[in-house]
Amino acid sequence: MLVVGRSPESAAFLVEALKEEGIGCVSWALRTEPSISLVCQGVEFARQEHCDLVIAFGGGSSIDAGKAIAALLANGGELSDYLEVIGKGQPLQNPSVPFIAIPTTAGTGSEVTRNAVLASPEQRVKVSLRSPKMLARLAVVDPELTLTLPPALTASTGLDALTQLIEPYVSNRANPLTDGFCLEGLRRVSRSLRRAYHCGSDIAAREFMSLASLLGGLALANAGLGVVHGCAAPIGGMFDAPHGGICAALLPHGMSVNIRASRARTPDSETLRRYETVARLLTGKPDALAEEGVEWVRGLCRELQIPPLAAYGVQQSDIPDLVQKASKASSTKGNPLSLTENELREVLTLAL
Ligand SMILES: [Zn+2]
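To start, this report covers the structure provided alongside it.

About the thresholds
- Residues numbered from 1 in each chain as written.
- Predicted model: local features only at pLDDT ≥ 70, side-chain atom pairs only at ≥ 80, totals over all residues.
- Heavy atoms only, no water.
- Helix = DSSP H or I, 4+ residues; strand = E, 2+ residues; numbered from the N terminus.
- Buried < 20%, exposed > 50% of the residue type's maximum accessible area, 1.4 Å probe, protein only.
- Polar contact = N/O pair within 3.5 Å; in protein donor to acceptor, adjacent residues only side chain to side chain.
- Contact = heavy atoms within 4.5 Å.
- Expected span 1.5 Å × (residues − 1).
- Phe/Tyr/Trp six-rings, centres within 6.5 Å; stacked < 30°, edge-to-face > 60°.
- Lys NZ or Arg CZ within 6 Å of the ring centre and 35° of its normal.
- Pairing = 2+ DSSP bridges.
- Axes fitted to C-alpha atoms, helices over the stretch in contact; angles between N-to-C directions.

Inspection of the secondary structure puts Ser-171 in the loop between helix H5 (151–170) and helix H6 (176–198). Residue Ser-171 is classed as buried on the basis of its relative accessible area of 6%. A distance of 2.6 Å separates the side chain of Ser-171 from the backbone oxygen of Ala-223, its partner in a polar contact. The residues touching Ser-171, leaving out its near neighbours within four places in the chain, are Ala-223, Gly-224, Leu-225 and Gly-334.

Laid out in structure tokens, this is it:
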């Protein structure tokens, strides 16, 4: 089964190559971010067609959908038996059927993570199907596949990659291995995201961004995330908004509130030193302060024309509900310090 995104024709070469190798293949196209019911339809289709291998070719949505379908094909029962939060949360018993992830964006790093984020439109939430048994058997990360990504998508997915390098680096679960991934990824984003946005055909910039996305995926899968993803989770459930765009709108404000809270409550903390390192890598200034990193990200968001959350229909009146949900989100647990409700409200309000 080949799971593809909005432009299935871009995978025509892959169908052709599989055919040449004598491998039968059926395509299944996904036009939105994956929902629980869509994944159930995909599993049913795969069973009817007797698929025993899943290839996902596309952005994070296609890869998450393919990852969930591959897991369900190897495990009996209903998807809801295994879902976190709104399902029974039972562990998957069997490893997924062989699953190959081929990303065509540079952002989510979903090709190396062990969860699939699925929407439940009825409950207006996004939940994860999560298990170490869901890891892809093979991830093919080829920057050439991202050359045709339009500027707006390059911007939002690239800023998701940046968020997924900063949050695991300052996370309370950071460790020396994930630090290495994050520092290397941050260096690459700082030198290539603007270039990839303005000049999409620049293969060197695309290669740096593909690597940065992969490194971010490895980092977040092992060190967790923080307040930006904690706020992004309920927004993604309640509004029709792409994950990358939401993270991009929130990132400078999440950084700024975290830095201010750290200066006030834990001025000698490792967290501030880490935000300083982020600032120095991003700006290239060896003596940059933590706040200069926030300014750099703010400038990047302006230049890359990142729309505010209001562009997706988020309003001031939604904020109290979002604050409650963000405070309980699993990503928020990785934040370097526990933010108050007022601070969470500030992050969300500034991003409106
Ligand atoms: Zn993300």
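Between the first and last C-alpha of H5 there are 29 Å, a value that for 20 residues agrees with the 28 Å anticipated at 1.5 Å per step. With 17 of its 20 residues buried, H5 lies for the most part within the structure.

With that out of the way, let us pick up the packing of aromatic side chains. Scanning the model with the defined rule gives one aromatic pair in all. Centre to centre, the rings of Phe-13 and Phe-57 are 5.9 Å apart; their planes meet at 70 degrees, and the pair counts as edge-to-face. You can see Phe-13 sitting in helix H1 (residues 12–20) and its partner Phe-57 sitting in strand S3 (residues 54–58), a full 44 residues away along the chain. The exposure class assigned to Phe-57 is buried, which follows from its relative accessible area of 4%. Just above the ring of Trp-296 sits the side chain of Arg-194; from NZ or CZ to the centre is 5.3 Å. The cationic tip of Arg-274 hangs over the ring face of Tyr-169; the distance from NZ or CZ to the ring centre is 4.6 Å.

What follows covers the sheet that holds strand S4 (residues 99–103). If you walk across this open sheet you meet the five strands as S2-S1-S3-S4-S7, and the pairing is parallel. The sheet is open, and its two borders are formed by strand S2 (27–29) and strand S7 (138–139), each paired with just one other strand. Sheet topology note: the strand S1 (residues 2–4)/S3 ladder contains three bridges and is parallel. Looking across to S3, one finds that Val-3 is bridged to Ala-56. Along the sheet, helix H3 (residues 60–73) contacts S1, S2, S3 and S4; its crossing angle with S3, the most-contacted strand, is approximately 170 degrees.

Now for the environment of Ser-262. You can see Ser-262 is positioned in helix H9 (residues 243–265). As for Ser-262 and Pro-336, which are separated by 74 residues in sequence, their C-alpha atoms are 8.8 Å apart. Residues contacting Ser-262, with those up to four places away along its chain left out, are Pro-267, Ser-269, Thr-271, Leu-272 and Leu-337.

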